[in-house]
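Structural overview for review
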Amino acid sequence: MNKVVLVTGANSGIGLALCERLLSQDSEGLQLCLACRNMRRAQAARSALLASHPTAQVALLQVDTSSISSVLTAAQEVKLRYNRLDYLYLNAGIMPNPQFDVKAFFKGLFSSRIITMFATGEGILTQRDCVTSDGLQEVFATNLFGHFLLIRELEPVLCQAGRTSQLIWTSSSNAHRSAFNLEDMQHQRGNQPYSSSKYASDLLSLALNTHYNKQGLYSSVICPGFVMTNLTYGILPSFPDFFWTLLMPLFWLIRMFTNTFTLTPYNGAEALFWLSKQKPESLDPQAKYHSLTNGLGNNYTQPCKMDIDLETSEALYERLLQLESEVRKKRKEKLKEAHRSPAGPGSS
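Residues numbered from 1 in each chain as written. Predicted model: local features only at pLDDT ≥ 70, side-chain atom pairs only at ≥ 80, totals over all residues. Heavy atoms only, no water.

**Some points on the overall build of the chain**
Assigned secondary structure in the chain consists of 13 helices and 10 strands. For the chain, with 348 residues in total, the buried portion stands at 53%. Considering only contacts within the chain whose residues lie at least 6 apart along the sequence, 74% involve residues at least 24 apart. Taken as a whole, the chain presents about 16,200 Å² of accessible surface, with 53% of it coming from carbon and sulfur. (Helix = DSSP H or I, 4+ residues; strand = E, 2+ residues; numbered from the N terminus. Buried < 20%, exposed > 50% of the residue type's maximum accessible area, 1.4 Å probe, protein only. Contact = heavy atoms within 4.5 Å. Areas by Shrake-Rupley, 256 points an atom, 1.4 Å probe, with all protein chains shown as cover.)

And the structure:
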């Protein structure tokens, strides 16, 4: 039977590069579903994939992981289309309104921190978050909670007797324990919501393994390294394109001294692709699998222990379950209210 693969945030960057690599390996034996927020871009991505793999099975699914109703609708559609799901890549993510500290950046250029600064954004990046129509912090909802809800909804197609399925999260080297606070898991009071959400996904992955491994569902986390994508370009929206062109030789030079500068989406997708070929039972639930590229441009994957613990991961999991319950309750109340409200002027 064909393997069924669903990738969120698949219309560009690392998500699209992963889809290309998966199809290059096995375009005939794969049912690939691109789950995207923007359907125009999704259609363009599908056309590009089919141009190079004309016989491939590539479907589209509209989903905005920041929206509860969108996630629930998409999950219902997945269950109607597929009776099983082999791989669920939790790749969609945002870093809105990044505030770039130019002074810290140029200071870092001439310090021993230059590699860490580029690889993680530490010390030079903060973000301004906003609230969704569901009353959730947008980064938390998009990067973490929407994906959590999707997993919960897709349990029937992910957890089936006699076979294994994989959840694979796109995390980041920007996932710092210092940015995350369990008492403020949505990061309402901080200015590093992206870092907080990525650290939370590391914790959640560990908890998911604790709760789902016995049902054949395994969760892993990757770091794509420093990749030039739309998210990266968005960090410096006011900088002209030639600025990045000028920086590229510097990035290539830095790659001679560090393996974390993957630079291209194809290289950044290395760990995502590598995990699709592993037996999930053999993977370390406390490791983050890093996409790495050496000075010669060769790609490889390497695990690195995450700065996480079982107690905090379990506490986060319980709080997410509680939030899920609250969100579902509010949604039911809204639907009841909508049914009770009068039809409006002119109704009989």
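There's more to say after this.
**Remarks on unusual backbone geometry**
Its identity as a non-glycine residue notwithstanding, His187 has a phi of 60°, on the positive side. With respect to the secondary-structure elements, His187 resides in the loop between β7 (165-170) and α8 (193-212). Residue His187 is classed as buried on the basis of its relative accessible area of 8%. The backbone of Leu263 sits at a positive phi, close to 70°, despite the residue not being glycine. With respect to the helices and strands, Leu263 occurs in the loop between α10 (241-255) and α11 (265-268).

**Brief notes about the sheet that holds strand β1 (residues 3-8)**
Within a sheet, each strand pairs with its neighbour through backbone hydrogen bonds, oriented either parallel or antiparallel. Taking strand neighbours across the sheet as the criterion, the eight strands line up as β3-β2-β1-β4-β7-β8-β9-β10 in an open arrangement whose pairing is mixed. Here the strands that pair on one side only, and so sit at the sheet edges, are β3 (57-62) and β10 (299-305). Averaged over all neighbouring strand pairs, the angle between strand axes comes to 25°, with direction disregarded. Note that strand β9 (residues 287-293) and β10 share seven bridges and pair antiparallel. By the bridge assignment, Thr293 is partnered in β10 with Asn299. Its contacts with the sheet place helix α3 (residues 68-81) against β1, β2 (30-36) and β3, and it is angled at close to 150° to β3. On the sheet, helix α6 (residues 138-153) packs against β1, β4 (87-90) and β7 and is oriented at approximately 170° with respect to β7. (Pairing = 2+ DSSP bridges. Axes fitted to C-alpha atoms, helices over the stretch in contact; angles between N-to-C directions.)

**Here's the deal with the packing of α3 against α6**
Pairs of packed helices are described in terms of their axes, by the angle between the two and the distance that separates them. Closest axis-to-axis distance for the α3/α6 pair is 9 Å, and the angle between their directions is 30°. Classified by the interaxial angle, the pair formed by α3 and α6 is roughly parallel. Classified by chirality, the crossing of α6 by α3 is right-handed. Here Ile68, Val71, Leu72, Ala75, Gln76 and Lys79 of α3 come into contact with α6, specifically with Phe145, Gly146, Leu149, Leu150 and Glu153. (Parallel < 35°, antiparallel > 145°, perpendicular 65-115°, else oblique. Left-handed = near helix turned anticlockwise from the far one by under 90°.)

**Concerning the side chain of Ser291**
For Ser291, the position within the fold is in strand β9. Its relative accessible area of 1% is what places Ser291 among the buried residues. Dropping the residues within four chain positions of it, Ser291 is found in contact with Cys223, Pro224, Gly225, Asn259, Thr262, Asn267, Gly268, Ala269, Glu270, Ala271 and Tyr300.

**Focus: the environment of Met185**
Along the chain, Met185 falls in the loop between β7 and α8. Residue Met185 is classed as buried on the basis of its relative accessible area of 12%. With 12 residues separating them along the chain, Met185 and Ser197 place their C-alpha atoms 8.1 Å apart. Residues in contact with Met185, not counting those within four places in the same chain, are Phe140, Phe180, Ser196, Leu316, Arg319, Leu320 and Leu323.

**Let's talk about the pattern of salt bridges**
Scanning the model with the defined rule gives 15 salt bridges in all. As a salt-bridge pair, Glu153 and Lys79 come within 3.7 Å of each other at their nearest N and O atoms. Within this pair, whereas Glu153 is found in helix α6, its partner Lys79 is found in helix α3, the two being separated by 74 residues in sequence. Take Lys79: its relative accessible area is 27%, and that puts it in the partly exposed class. Arg163 is the salt-bridge partner of Asp86, the closest N and O atoms lying 3.6 Å from each other. Note that Asp86 is positioned in the loop between α3 and β4 and Arg163 in the loop between α7 (155-158) and β7, a separation of 77 residues in sequence. On the basis of relative accessible area, Asp86 is assigned to the buried category, the value being 8%. Residues participating in the shared-partner salt-bridge network are Lys79, Arg152, Glu153, Glu155, Glu324 and Arg328. (Salt bridge = Lys/Arg side-chain N within 4 Å of Asp/Glu carboxyl O.)

**Observations regarding the packing of aromatic side chains**
This structure, assessed with the given rule, holds six aromatic pairs. Arranged with centres 5.9 Å apart and planes meeting at 15°, the rings of Phe140 and Phe145 form a pair that is stacked. You can call Phe145 buried: its relative accessible area is 0%. Seen in terms of ring centroids, Phe180 and Tyr199 are 5.7 Å apart; in terms of plane orientation they differ by 45°. Their pairing is tilted. Remark: Tyr199 occurs in helix α8 and Phe180 occurs in the loop between β7 and α8; sequence separation between them is 19 residues. With relative accessibility at 3%, the residue Tyr199 sits in the buried group. (Phe/Tyr/Trp six-rings, centres within 6.5 Å; stacked < 30°, edge-to-face > 60°.)

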